[in-house]
Amino acid sequence: MTASEDLARRVRDVSRLTGEFVLRSGRIADEYFDKYQFEADPALLDQLAERMAVLIPEGTEVLAGLEMGGIAVVTALARHAKLPTAFVRKQAKQYGTARLAEGAEVAGRRVLVVEDVVTSGGQVVISTGELRKLGAHVDHALCVIDRQEGGTAALAAEGITLRALLTREDLS
Ligand SMILES: O=P(O)(O)OC[C@H]1O[C@H](OP(=O)(O)OP(=O)(O)O)[C@H](O)[C@@H]1O
Ligand SMILES: O=C(O)c1cc(=O)[nH]c(=O)[nH]1
């Protein structure tokens, strides 16, 4: 077994659930990857981040992790990439700084969107639209798991290239 296969096996062992699940997109699935299970294991999360770091497109200036599962991933990734990091809310905070993107400034910078799981690509498309409104240049997204259910095409239609550490096929 290669190191990549071993990592995929560990992710599958801790996170793969079967049953009936309603997804963010409203789709119904019989398989679900509970990202919080691999994010809650610091050694596993660090190994995932180390391997994701080599997938970061050249020229990236800021890593932007999406609430909520993408926040742990981006924080681990930043330790390897040594890049400034933004934490992107689903809704701007209603008080205080009232920010949607916390942390590093995104305006005018080349931003990589970092996500845990991509299914339809809907959340990445929404958050990318919001980051672009803030002045970010977003051409790429990077995720831990691509469920291979149309995300790549949906993102491509918005000018975003998706890179994934693992696919659903790797986890089957
Ligand atoms: O590609 P999509 O069809 O948009 O689906 C994937 C999205 O759904 C999940 O988020 P969830 O709503 O479970 O949010 P959480 O990270 O806040 O738990 C996942 O973390 C992605 O953000
Ligand atoms: O599409 C989703 O909502 C989704 C799928 C999945 O496997 N894991 C997850 O956290 N969300």
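Everything below is about the structure shown above.
Residues numbered from 1 in each chain as written. Chains lettered and ligands numbered in written order. Predicted model: local features only at pLDDT ≥ 70, side-chain atom pairs only at ≥ 80, totals over all residues. Heavy atoms only, no water.

Draft legend 1. Spotlight on the site of ligand 2. Taken together, the residues surrounding ligand 2 are Leu-23, Arg-24, Tyr-32, Phe-33, Lys-35, Val-117, Thr-119 and Arg-147. Between an oxygen atom of ligand 2 and a side-chain N or O atom of Lys-35, the distance comes to 3.4 Å. Side-chain polar atom of Arg-147 to an oxygen atom of ligand 2: 2.7 Å apart, as the coordinates give it. When the free accessible area of ligand 2 is taken as 290 Å², the share hidden by the protein chains comes to 91%. Residues of the shell around ligand 2, tallied by class, amount to 4 nonpolar, 1 polar and 3 charged. (Near = heavy atom within 4 Å. Polar contact = N/O pair within 3.5 Å; in protein donor to acceptor, adjacent residues only side chain to side chain. Areas by Shrake-Rupley, 256 points an atom, 1.4 Å probe, with all protein chains shown as cover. Nonpolar A, V, L, I, M, F, W, Y, C, P; charged D, E, K, R; others polar.)

Draft legend 2. Spotlight on the site of ligand 1. Around ligand 1 sit 17 residues, and of these Lys-35, Tyr-36, Glu-115, Asp-116 and Ser-120 come closest. In this structure, an oxygen atom belonging to ligand 1 sits 2.6 Å away from a side-chain N or O atom of Glu-115. The backbone of Gly-122 places a nitrogen or oxygen atom 3.4 Å from an oxygen atom of ligand 1. Calculation on ligand 1 without its partners gives an accessible area of 500 Å², and the protein chains cover 84% of this total.

Draft legend 3. Quick look at the pattern of salt bridges. With the rule as written, the count across this model stands at 9 salt bridges. Ionic pairing is found between Glu-149 and Arg-27, a salt bridge with its closest N-O pair at 3.7 Å. Of the two residues, Glu-149 is situated in the loop between β7 (137–146) and α6 (151–156) and Arg-27 in the loop between β1 (16–22) and β2 (28–33); the sequence distance between them amounts to 122 residues. One salt bridge in this structure joins Arg-168 and Glu-31, with 2.5 Å as the shortest N-O distance. (Salt bridge = Lys/Arg side-chain N within 4 Å of Asp/Glu carboxyl O. Helix = DSSP H or I, 4+ residues; strand = E, 2+ residues; numbered from the N terminus.)

Draft legend 4. Representation of the packing of helix α3 (residues 42–53) against helix α4 (residues 69–81) in the model. It is at 8 Å that the axes of α3 and α4 come closest, and there the two elements cross at 60°. The way α3 lies across α4 gives a crossing that is right-handed. In this structure, α3 uses Leu-45, Asp-46, Ala-49, Glu-50, Met-52 and Ala-53 to contact α4, whose residues at the interface are Ala-72, Val-73, Ala-76, Leu-77 and His-80. Looking at the contact of α3 with α4, its residues break down into 8 nonpolar, 1 polar and 2 charged. (Axes fitted to C-alpha atoms, helices over the stretch in contact; angles between N-to-C directions. Left-handed = near helix turned anticlockwise from the far one by under 90°. Contact = heavy atoms within 4.5 Å.)

Draft legend 5. Main features of the environment of Ala-64. Structurally, Ala-64 is set in strand β3 (residues 62–66). Residues Ala-64 and Ala-43, spaced 21 residues apart in sequence, show a C-alpha to C-alpha distance of 22 Å. Non-local contacts of Ala-64, meaning those with residues more than four positions away in its chain, are made with Val-74, Ala-86, Val-88, Val-111, Leu-112, Val-113, Val-114 and Leu-131.

Draft legend 6. Representation of the sheet that holds strand β6 (residues 110–118). An order of β5-β4-β3-β6-β7-β8 is seen for the 6 strands of this open sheet, with the pairing classed as mixed. The outermost strands of the open sheet, each flanked by one partner alone, are β5 (101–103) and β8 (161–167). Between one strand axis and the next, the sheet turns by 25° as a mean value, whatever way the strands run. Where β6 lies against β7, 8 bridges are found, and the strand directions are parallel. Note on β7: the bridge partner recorded for Val-117 is Ile-145. Along the sheet, α4 contacts β3, β4 (85–88), β6 and β7; its crossing angle with β3, the most-contacted strand, is approximately 155°. Here helix α5 (residues 122–133) sits on the sheet and contacts β3, β4, β5, β6 and β7; the angle it forms with β6, its principal contact strand, is near 160°. (Pairing = 2+ DSSP bridges.)

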